[in-house]
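# Examining the three-dimensional arrangement
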Amino acid sequence: MIASKVAKALSMLSAMVLLAGCADSTTGSPPQVSLDAIPLDLLETFEGCRLRGGAVSEGYPSTCLWGGKNFRRDEANGTVGDMRVILFDIAPQTASCDFGHGPVQSCLIVNGGLFYDTIKGYSHREGQGAVIAVRRTQICDPAEINSCPADAGIFRFEFVETYMTHR
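Described below are features of the structure shown in this document. No experiment lies behind these values; they were computed from the predicted model shown. (Residues numbered from 1 in each chain as written. Predicted model: local features only at pLDDT ≥ 70, side-chain atom pairs only at ≥ 80, totals over all residues. Heavy atoms only, no water.)

Our next topic: the sheet that holds strand β2 (residues 63–66). The three strands lie next to each other as β1-β2-β3, forming an open sheet whose pairing is antiparallel. The open sheet terminates on both sides in strands that have one partner only, identified here as β1 (55–57) and β3 (69–72). Mean inter-strand twist for the sheet, computed between neighbouring axes without regard to direction, equals 20°. Pairing geometry for β2 and β3, over four bridges, is antiparallel. Following the sheet pairing, Leu 65 is matched in β3 by Asn 70. (Pairing = 2+ DSSP bridges. Helix = DSSP H or I, 4+ residues; strand = E, 2+ residues; numbered from the N terminus. Axes fitted to C-alpha atoms, helices over the stretch in contact; angles between N-to-C directions.)

See the structure below:
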């Protein structure tokens, strides 16, 4: 009993370390990202602000402050079929994640958090992170009863382009 609690605590601690982001083994700092190749319209978003090192508030909805501008995290568009291209900063490593049923699986760490979904057309290489553009399409309306499947996300994600890779 105690051994299983210790194992669970160590697993949670490992996940917290992974969620803190990938640090350079020589400096202990997050990897530096060259944003030159990313279109300005994608940088002028919450995700772009976070990539630049903006100050992120963890309220609801989260906001990011950079260059005197405040960007709000877009949690949901609200309309089925809405599509937009967003940036994902994918960590080099994956983390164990529990879907609540079945075996524990491996999840990507996207923008600092566990990503439980899939990205059509993207293949992750363990040990190599990436900043990518993703087309996010809303596939159901969570405000409408029985519109969304149980235990499924409200978005479909499709890979668009890789802007850079990092370790």
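Bringing the environment of Asp 141 into the picture now. The topology assignment puts Asp 141 in the loop between β9 (129–138) and β10 (155–166). In sequence terms Asp 141 and Gly 81 are 60 residues apart; their C-alpha atoms lie 9.6 Å from each other.

A complete count under the given rule lists four salt bridges for this structure. Across the pair Asp 89 and Arg 50 runs a salt bridge, and its minimum N-O distance is 3.7 Å. Remark: Arg 50 occurs in helix α3 (residues 46–51) and Asp 89 occurs in strand β4 (residues 83–90); sequence separation between them is 39 residues. You can call Arg 50 partly exposed: its relative accessible area is 21%. Among the ionic pairs, Arg 156 bridges to Glu 158, the shortest N-O distance being 3.7 Å. (Salt bridge = Lys/Arg side-chain N within 4 Å of Asp/Glu carboxyl O. Buried < 20%, exposed > 50% of the residue type's maximum accessible area, 1.4 Å probe, protein only.)

Under the counting rule described, the total for this entry stands at five aromatic pairs. Ring geometry for Phe 88 versus Phe 115: centroids 5.3 Å apart, planes at 70°, classification edge-to-face. Of this pair, Phe 88 sits in strand β4 while Phe 115 sits in strand β7 (residues 113–115), and the two are 27 residues apart along the sequence. Among the residues examined, Phe 115 registers a relative accessible area of 11% and is labelled buried. Centre to centre, the rings of Phe 115 and Phe 157 are 5.1 Å apart; their planes meet at 75°, and the pair counts as edge-to-face. (Phe/Tyr/Trp six-rings, centres within 6.5 Å; stacked < 30°, edge-to-face > 60°.)

With that settled, consider the state of the cysteines. One pass over the structure, following the stated rule, counts three disulfides. Note on cysteine connectivity: Cys 97 is disulfide-linked to Cys 107, with sulfurs 1.9 Å apart. Sign of the S-S torsion, about 80° for the bond between Cys 97 and Cys 107, identifies this disulfide as right-handed. Of this pair, Cys 97 sits in strand β5 (residues 95–97) while Cys 107 is found in strand β6 (residues 105–110), placing the two residues ten residues apart along the sequence. Summarising the burial analysis for this pair, Cys 97 and Cys 107 share the class buried. For the protein, the bonded cysteines connect in the pattern 1-2, 3-4, 5-6 when numbered consecutively along the sequence. (Disulfide = S-S within 2.5 Å.)

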